[in-house]
Amino acid sequence: MHENAAGSRRAFLRTVGAMGAMGLAGCAGQGTAEPTGADDGGQSLTVAILAAGSLQHALETGLAPAVDVPIQVESHGSATVARMVAEGQRDPDIVTVADTALFEAPLSPPWYAIFTSNAVVLAYNSDTEGGRRVAEAGTERWYEPLVDGDVRLGRTDPDQDPLGYRTLFTLELATRYYDDAPALHESIPARRQIYPETALISEFETGSIDAAFAYRNMAVERGYDYVDLPDRIDLSNPDYVGDWYATVSYALPSGQEIRGDLISYGSTIRKPSDAARSAFAVHTTGDYLEDSGFLRREGFPRYEGDVPADVRRATTDDARSLREPVSDVTVLR
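Residues numbered from 1 in each chain as written. Predicted model: local features only at pLDDT ≥ 70, side-chain atom pairs only at ≥ 80, totals over all residues. Heavy atoms only, no water.

Chemist: Help me understand the overall build of the chain in this model?
Modeler: Of regular secondary structure, the chain possesses 14 helices and 13 strands. Counting the 333 residues in the chain, one finds 56% classified as buried. Put simply, of all contacts in the chain between residues at least 6 apart along the chain, 76% involve residues at least 24 apart. For the chain, the exposed area adds up to about 13600 Å²; of that, 47% sits on carbon and sulfur atoms. (Helix = DSSP H or I, 4+ residues; strand = E, 2+ residues; numbered from the N terminus. Buried < 20%, exposed > 50% of the residue type's maximum accessible area, 1.4 Å probe, protein only. Contact = heavy atoms within 4.5 Å. Areas by Shrake-Rupley, 256 points an atom, 1.4 Å probe, with all protein chains shown as cover.)

Right, here's the structure in full:
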């Protein structure tokens with residue numbers, strides 16, 4: 001269990017989070033992306049990134065200051081991101097999802113980079129009675145106040161984003177992991193708990209929820225305490241993929257079956273340009289990811305498919321060392 005002792009820092013982060021929540025909520029599901037400009041050579045002056053909701057804060061506050069081209073960010077749940085691109089509703093330069101299974105279908109790009117990971121945690125608001133009950137229950141008994149109904153819980157829609165179905169995976173795996181746990185994936189979920197991924201943690205600020213199943217980075221970025229779940233159920237440990245995580249699954253409305261797996265974020269360039277390659281290189285290798293609470297592994301970024309040679313070159317250590325931090329960012333609302 002992680003507790004943030006710096007109360008003033010959390011107060012500051014909550015203020016920022018509350019302000020950001022208005023923009024984040026507006027970001028989820030608005031109209032067509034604004035067109036980007038182009039220079040005389042036909043290259044886009046602004047790089048449009050359509051990304052998983054859990055990356056929004058990191059892209060705005062970490063990536064934007066670290067690149068030398070302006071970026072335009074729009075975020076939704078990853079299943080929604082994939083559908084938007086597949087159905088022609090969006091045409092970004094870069095698309096990034098929180099589950100590479102969505103690159104198998106419906107997107108099927110010729111190549112992509114796996115560049116970071118995460119863990120499912122139970123974040124809580126220690127200023128509420130329900131949040132304090134989660135804290136008191138701790139790593140071994142966190143599920144008891146959820147089953148008893150003593151906590152106002154938030155989670156995301158499994159039909160819209162990977163965090164939603166990964167929450168269900170975590171609950172089902174927890175049922176098997178704890179000897180005396182009831183069927184948590186049946187007793188805990190309720191429709192009223194569902195919030196958009198881009199606004200989930202900000203519901204702490206509104207007082208709507210006491211705790212939420214979230215990615216680790218979402219709690220870290222907002223300065224909230226969280227219960228670290230055992231790695232056999234938090235989808236963060238490569239050692240448990242085949243014989244443990246993969247034993248659970250969820251069927252999307254499209255009919256695609258998603259099996260439990262290690263949390264893996266993937267990104268690809270859809271419209272190649274010097275600007276897109278420059279932004280992509282920092283996006284997939286930058287220190288901002290660890291600063292935001294994401295998990296980095298040796299060998300990242302790891303490529304799948306026929307990755308262009310110029311993309312590989314752009315993500316080498318030598319190329320990274322030459323970048324100057326400048327920038328501009330536009331968040332679609």
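Text resumes after the structure shown.
Chemist: Can you walk me through the side chain of Asp 234 in this structure?
Modeler: Looking at the element boundaries, Asp 234 is found in the loop between strand E8 (225-228) and strand E9 (249-251). Despite its burial, Asp 234 pairs with no opposite charge; the closest candidate is Arg 297, at 7.6 Å N-O. What Asp 234 contacts, discounting residues up to four positions off in sequence, is Ala 119, Val 120, Leu 229, Tyr 245 and Ile 263. (Lys, Arg positive; Asp, Glu negative; His and termini not counted. Salt bridge = Lys/Arg side-chain N within 4 Å of Asp/Glu carboxyl O.)

Chemist: What am I meant to see in the pattern of salt bridges here?
Modeler: Charged atoms that come close allow side chains of opposite charge to pair. Summed over all chains, the structure comprises 15 salt bridges. Between Glu 74 and Arg 90 there is a salt bridge; the shortest N-O distance is 2.9 Å. With Glu 74 in strand E2 (residues 71-76) and Arg 90 in the loop between helix H3 (78-86) and strand E3 (94-97), this residue pair connects regions lying 16 residues apart in the sequence. The exposure classification of Glu 74 matches that of Arg 90, with both residues buried. Across the pair Arg 277 and Asp 274 runs a salt bridge, and its minimum N-O distance is 2.7 Å. With Arg 277 and Asp 274 both in helix H11 (residues 274-285), this residue pair falls 3 residues apart, about one helical turn.

Chemist: Got a minute to help me understand H3 in this structure?
Modeler: Structural remark: α-helix, 3.6 residues per turn; residues separated by three or four positions point the same way. Here H3 lies mainly inside the structure; 7 of its 9 residues are buried. Every buried residue of H3 is listed here: Ser 78, Ala 79, Thr 80, Val 81, Ala 82, Met 84 and Val 85. Residues of H3 that are buried sit in contact with strand E1 (47-52), E2, E3, helix H4 (101-107) and helix H7 (162-177).

Chemist: Can you walk me through unusual backbone geometry in this structure?
Modeler: Backbone phi values are negative for most residues with the exception of glycine, while trans is the configuration of most peptide bonds. Put simply, Ala 105 and Pro 106 share a cis peptide bond, and its omega is 10°. A positive phi is found at Leu 235, a non-glycine position, where the angle reads about 65°. Along the polypeptide, Leu 235 turns up in the loop between E8 and E9. The buried category is assigned to Leu 235, whose relative accessible area is 0%.

Chemist: What should I look at first to understand the nonpolar core in this one?
Modeler: Nonpolar side chains tend toward joint burial in soluble globular proteins. Of all hydrophobic cores here, the largest spans 92 residues; its most connected members are Ile 71, Leu 122, Trp 142, Phe 213 and Tyr 265. Of all the elements, H7 adds the most residues to this core, at 7 residues. Sequence-distant contacts of Trp 142, defined by excluding residues within four places in its chain, comprise Leu 122, Ala 137, Leu 171, Ala 174, Tyr 178, Leu 184, Phe 213, Val 227, Leu 229 and Ile 233. (Core = buried A, V, L, I, M, F, W, Y, C linked by side-chain atoms within 4.5 Å.)

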